[in-house]
Each structure stands twice: as structure tokens, then as C-alpha cells.
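What follows is the residue order along each chain.
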Amino acid sequence: MAQKEGGTEQGRLKTEDSLGAKTMVGAPSAGGGVVVEVREKKGPLRAAIPTMPFPVAVICLFLNTFIPGLGTFVSAFTVLCGARSELISERGVCCVFWLNVAAALIQILTAVIMVGWIMSIFWGMDMVILASQWLHFSFLCSLIFSFNLNDFSINFSPI
């Protein structure tokens, strides 16, 4: 439902399209649309990738590069050791663990036709990307919340 107002075409855009992009209602349409927020929709296997410490993620990438599925299998056990994932709040730790084991098995079984090997490398790269985002976030949080309140105290004692 586009309307002509002052020479510009205005229209209603859907709040979420099929690709997961959120746009503002009432923004200019078709080519001139304003994207407010873009979120990637992830399937359950991809959303189950744990956010691990950076060195562990790099080791998993290395393992996935040379032995497809091994790094993903190791990452499944990091979920049991406390690594966070997007799906843990919805499905629980046990389910996320088994989803990662399933992803590792898929990578191992399809490595013969190169699909699993390529998937395994991409999985490892996703682990490193998630770990680096967590690393930057935790660094910023430590900068923000590491100040000592005693440094800002005022001494009211007489001179």
C-alpha cells in the first residue's frame, strides 16, 4: 500500500521479512527502505555452537581442519563444562550437548564426500568468531566494572 506524499513514495514494510531482517514500519519502501536491525536466523544445530574461551575455540578450529568433526565433538563437552550457547535457555544443557554431538557425527560421516570437511572448517570458524566476540565483550565489561570504589572515596577528616 504505497502512497505518494510530496514526490516520495511511502509504504508499510513488514516488521520482519523471510530473511530475518527487521525494518521500521512506515519507512520508505522498495530500494529506499531503512533497515533498523538485522538478525541472522540460525537453525538448532548452528545455534547450539558453544561460546568458548578463545584458545579452546582455536584448538577446535585446528582439530576440525585436520580431522573433520573432532573439534565439534570436543566443543560438545565444553557445554558440559559451562560454555554458553544460545539454545541452553530454551532446550537445556543436555539437549545442546547432543546437538553438538550430532553435528560432529554429521561432519564425520559426510567428510568422505568433502561436504563434512568443509562444514567442519566453517563450524570451527564460527566457534572462533563467537569466542572473539565474547573476548571483546568480556574485555569491555572488565574495563567498565573493574574500578575500585575506594579510589573515589572522599576523606572528611579535619586537617
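The structure displayed is predicted, hence computed values, not measured ones. (Residues numbered from 1 in each chain as written. Predicted model: local features only at pLDDT ≥ 70, side-chain atom pairs only at ≥ 80, totals over all residues. Heavy atoms only, no water.)

Caption draft 1: A look at the overall build of the chain. Each helix and strand in the chain was counted, giving six helices and four strands. For the chain, the α and β elements follow one another from N to C terminus as β-β-β-β-α-α-α-α-α-α. Put simply, the chain has 159 residues, and 27% of those count as buried. Contacts in the chain between residues at least 24 apart in sequence constitute 52% of all its contacts with a sequence separation of at least 6. (Helix = DSSP H or I, 4+ residues; strand = E, 2+ residues; numbered from the N terminus. Buried < 20%, exposed > 50% of the residue type's maximum accessible area, 1.4 Å probe, protein only. Contact = heavy atoms within 4.5 Å.)

Caption draft 2: Up close: the environment of S85. Mapped onto the elements, S85 comes out in the loop between α3 (70-80) and α4 (88-91). With relative accessibility at 11%, the residue S85 sits in the buried group. For S85, the contacting residues outside a window of four places in its chain are A47, A48, I49, P50 and V96. A distance of 3.4 Å separates a polar side-chain atom of S85 from the backbone oxygen of A48. (Polar contact = N/O pair within 3.5 Å; in protein donor to acceptor, adjacent residues only side chain to side chain.)

Caption draft 3: View of the confidence of the model for the chain. This prediction gives the chain a mean pLDDT of 77; 65% of its residues lie at or above 70. Throughout residues 1-27 the model reports pLDDT below 50, and contacts reaching past four residues in sequence, or to other chains, amount to 51 contacts. (pLDDT = per-residue confidence, 0-100.)

Caption draft 4: Structural context of the side chain of S120. Tracing the backbone shows S120 in helix α6 (residues 115-145). Every residue in contact with S120, bar those within four places of it in the chain, is listed here: N64, P68, G69 and Q107.

Caption draft 5: Here's a closer look at unusual backbone geometry. Although it is not a glycine, M114 sits at a positive phi angle of roughly 75°. One can find M114 in the loop between α5 (93-109) and α6. M114 sits in the partly exposed class, given a relative accessible area of 43%.

Caption draft 6: Representation of helix α2 (residues 54-66) within the structure. In this model, α2 (13 residues) spans 19 Å end to end at C-alpha, consistent with the 18 Å of a helix rising 1.5 Å per residue. For α2, the complete set of buried residues consists of A57, C60 and N64. Here the buried residues of α2 occupy an arc of 60° about the axis, which is enough to place them on one side. Residues of α2 that are exposed and angled more than 90 degrees away from the buried face: P55, I59, F62 and F66. (Expected span 1.5 Å × (residues − 1). Arc of directions from axis to C-beta.)

Caption draft 7: Region of the structure containing the packing of aromatic side chains. On inspection of all chains with the given rule, the structure shows four aromatic pairs. Relative to W98, the ring of F97 has its centre 5.0 Å away and its plane inclined at 70°; by these criteria the two rings are edge-to-face. When its relative accessible area of 55% is taken as the criterion, W98 is described as exposed. Here the aromatic residues F73, F77, F97 and W98 are joined through ring pairs into a cluster of three or more. (Phe/Tyr/Trp six-rings, centres within 6.5 Å; stacked < 30°, edge-to-face > 60°.)

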